[in-house]
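Listed below are the residues making up each chain.
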Amino acid sequence: MAKCDVCGKNENMPYNCRHCGGTYCADHRLPENHDCSGLQNWNDPKGVFDSGFDDSVDGGSTSRVSSLASKIPINTGTGGPLAYFRGNMTYTFLALMWLTFAAEFVTLLVAPSFFRTLFVLTPQHPEYVWTWITSIFAHSPGGFFHIVGNSIVLFFFGPLVERYVGSRNFAILFIISGVLAGLSQVFIQILQGPYPPGVGGVLGASGAVLAIMGVLTILNPGLKVYLYFLFPVPIWLLTAGYAVMSITFLSGVIGGGGGIAHMAHLVGLVIGLAYGQYVKQNRNVGAPNRLEFGGGGPGGPGGPGGPGGRRRF
């Protein structure tokens, strides 16, 4: 408890003025209300007196951030358009996928020779570490249904997983599973033999998307998914189908593969299943019993592979 220097009122949380050193109640905390001796130093042409009670007027970090935000010609407040992405990694990743997709077309138009260097994780240059990330968000420019399929699955499944594991863990899961899926596919290509320049490589988010599907499969294997918005199937059956398809093509039982990154699909799915089991064992979580989404084409949510020797996943 402390007494206000003006009225003598006892305060549990008194205010201390850093200009005159006095102690004041809420009614007299402002400099002009306690005849602060520091008022004689008031020389602010904007009429704002730095009382020391509010960091927003003393040039602190909060003030600098607020000042910067006020200069952005977009409403960054809680009701602004950017609020949709605040604490929401699912839609942030969706936006990055489509922005990257647009950037691919610009690159092909302005500097096509840089396309693979910027966006494709290739067996010729796996040391280009930036492509470990950009290849996750990039999709074949000639395969519109590739990015649409991945976007649909991410849109419906992503928020559920993010809600259970948190935005931070969701982001880590998405990036790590995407990176490992891509590297595993490139490793297979390296083992297959040297690829000529411009051939081979992988791009797409299907590995990360299948990791998300794997998490939900463990949390609620009976989750009803309306494939193509028409056919109800349990998610475990959908997941098992992708797993069997990937293993079958990888084992060579069925020739070809349609340019689909089956190893990337399988690795992403296994990571998701493993992480889902970890979450289930350490947290008491559940999942809804029905979900509607449009399925992708053969070979996973991303559909069949694209041209140019790149594998889409």
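Note that the structure is predicted; figures quoted are calculated from it, not measured. (Residues numbered from 1 in each chain as written. Predicted model: local features only at pLDDT ≥ 70, side-chain atom pairs only at ≥ 80, totals over all residues. Heavy atoms only, no water.)

Undergrad: Requested: an account of the packing of aromatic side chains, with residues and values cited.
TA: Under the counting rule described, the total for this entry stands at 14 aromatic pairs. Arranged with centres 5.5 Å apart and planes meeting at 45°, the rings of Tyr-91 and Phe-155 form a pair that is tilted. Separated by 64 residues along the polypeptide, Tyr-91 in helix H2 (residues 89–110) and Phe-155 in helix H5 (residues 144–165) bring together distant segments of the chain. The class for Tyr-91 is buried, based on a relative accessible area of 15%. When the ring of Phe-137 is compared with that of Phe-174, the centres are 6.0 Å apart and the planes differ by 35°; the resulting orientation is tilted. (Phe/Tyr/Trp six-rings, centres within 6.5 Å; stacked < 30°, edge-to-face > 60°. Helix = DSSP H or I, 4+ residues; strand = E, 2+ residues; numbered from the N terminus. Buried < 20%, exposed > 50% of the residue type's maximum accessible area, 1.4 Å probe, protein only.)

Undergrad: Give me the lowdown on the packing of H2 against helix H6 (residues 167–192), citing residues and values where you can.
TA: The packing of two helices is summarised by the inter-axis angle and the distance between the axes. Packing of H2 against H6 brings their axes to within 9 Å, and their N-to-C directions diverge by 40°. Counting all contacts with H2, which are made through Met-89, Thr-90 and Phe-93, the residues of H6 involved are Ser-167, Phe-170, Ala-171, Phe-174 and Ile-175. Residues belonging to the contact of H2 with H6 are distributed by class as follows: six nonpolar, two polar and no charged. (Axes fitted to C-alpha atoms, helices over the stretch in contact; angles between N-to-C directions. Contact = heavy atoms within 4.5 Å. Nonpolar A, V, L, I, M, F, W, Y, C, P; charged D, E, K, R; others polar.)

Undergrad: Lay out the nonpolar core in plain terms, naming residues and giving numbers.
TA: Core analysis: the largest hydrophobic core is formed by 41 residues, its most contacted members being Leu-154, Phe-157, Val-161, Phe-174, Met-213 and Leu-216. Of all the secondary structure elements, the ones that give two or more residues to this core are H2, helix H4 (130–137), H5, H6, helix H7 (206–219), strand E6 (224–227), helix H8 (235–251) and helix H9 (262–282). The element best represented in this core is H7, accounting for nine residues. Leu-121, Ala-181, Val-186 and Ala-261 belong to the second-largest nonpolar core, a separate cluster that totals six residues. (Core = buried A, V, L, I, M, F, W, Y, C linked by side-chain atoms within 4.5 Å.)

Undergrad: How would you sum up H5? Please name residues and give values.
TA: Here H5 is 22 residues long and its end C-alpha atoms lie 30 Å apart, about the 32 Å a rise of 1.5 Å per residue gives. Along H5, the sharpest kink reaches roughly 35°, centred on Phe-157 and followed within four residues by the proline Pro-159. The positive-phi residue at the C-terminal boundary of H5 is Gly-166, with phi of around 95°. (Expected span 1.5 Å × (residues − 1). Bend = angle between axes of the 7 residues up to and from the residue.)

Undergrad: How would you sum up H7? Please name residues and give values.
TA: For H7, built from 14 residues, the straight-helix expectation of 20 Å at 1.5 Å per residue is met to within 8% by its first-to-last C-alpha distance of 20 Å. The buried count for H7 comes to 14 of 14 residues, which makes it a mostly enclosed element.

Undergrad: Explain the environment of Leu-273 residue by residue, including any values.
TA: If you trace the backbone, Leu-273 turns up in helix H9. The partly exposed category is assigned to Leu-273, whose relative accessible area is 28%. On a C-alpha basis, the gap between Leu-273 and Leu-219 in space is 9.3 Å, while along the polypeptide they are 54 residues apart. Among residues more than four places away in sequence, those in contact with Leu-273 are Gly-214, Val-215, Thr-217 and Ile-218.

Undergrad: How would you summarise the confidence of the model for the protein if you had to cite specific residues and measurements?
TA: Residue-level pLDDT values for the protein average 74, and 67% of them are 70 or greater. Considering only residues more than four positions removed or in separate chains, one finds that residues 44–69, a stretch of pLDDT under 50, has 29 contacts. When the criterion is pLDDT under 50, residues 252–257 qualifies, and its contacts beyond four places in sequence or with other chains add up to seven contacts. (pLDDT = per-residue confidence, 0-100.)

Undergrad: Help me get a handle on the packing of H2 against H5, residues and values and all.
TA: Contact geometry for H2 and H5: axes closest at 8 Å, N-to-C directions at 165°. Taken as axis vectors, H2 and H5 run roughly antiparallel relative to one another. You can see that H2 and H5 cross each other, and the crossing is right-handed. Between H2 and H5, the residues in contact are Met-89, Thr-90, Tyr-91, Phe-93, Leu-94, Met-97, Trp-98 and Phe-101 and Phe-144, Ile-147, Val-148, Asn-150, Ser-151, Leu-154, Phe-155, Gly-158, Pro-159 and Glu-162, respectively. For the contact of H2 with H5, the per-class residue count stands at 13 nonpolar, four polar and one charged. (Parallel < 35°, antiparallel > 145°, perpendicular 65-115°, else oblique. Left-handed = near helix turned anticlockwise from the far one by under 90°.)

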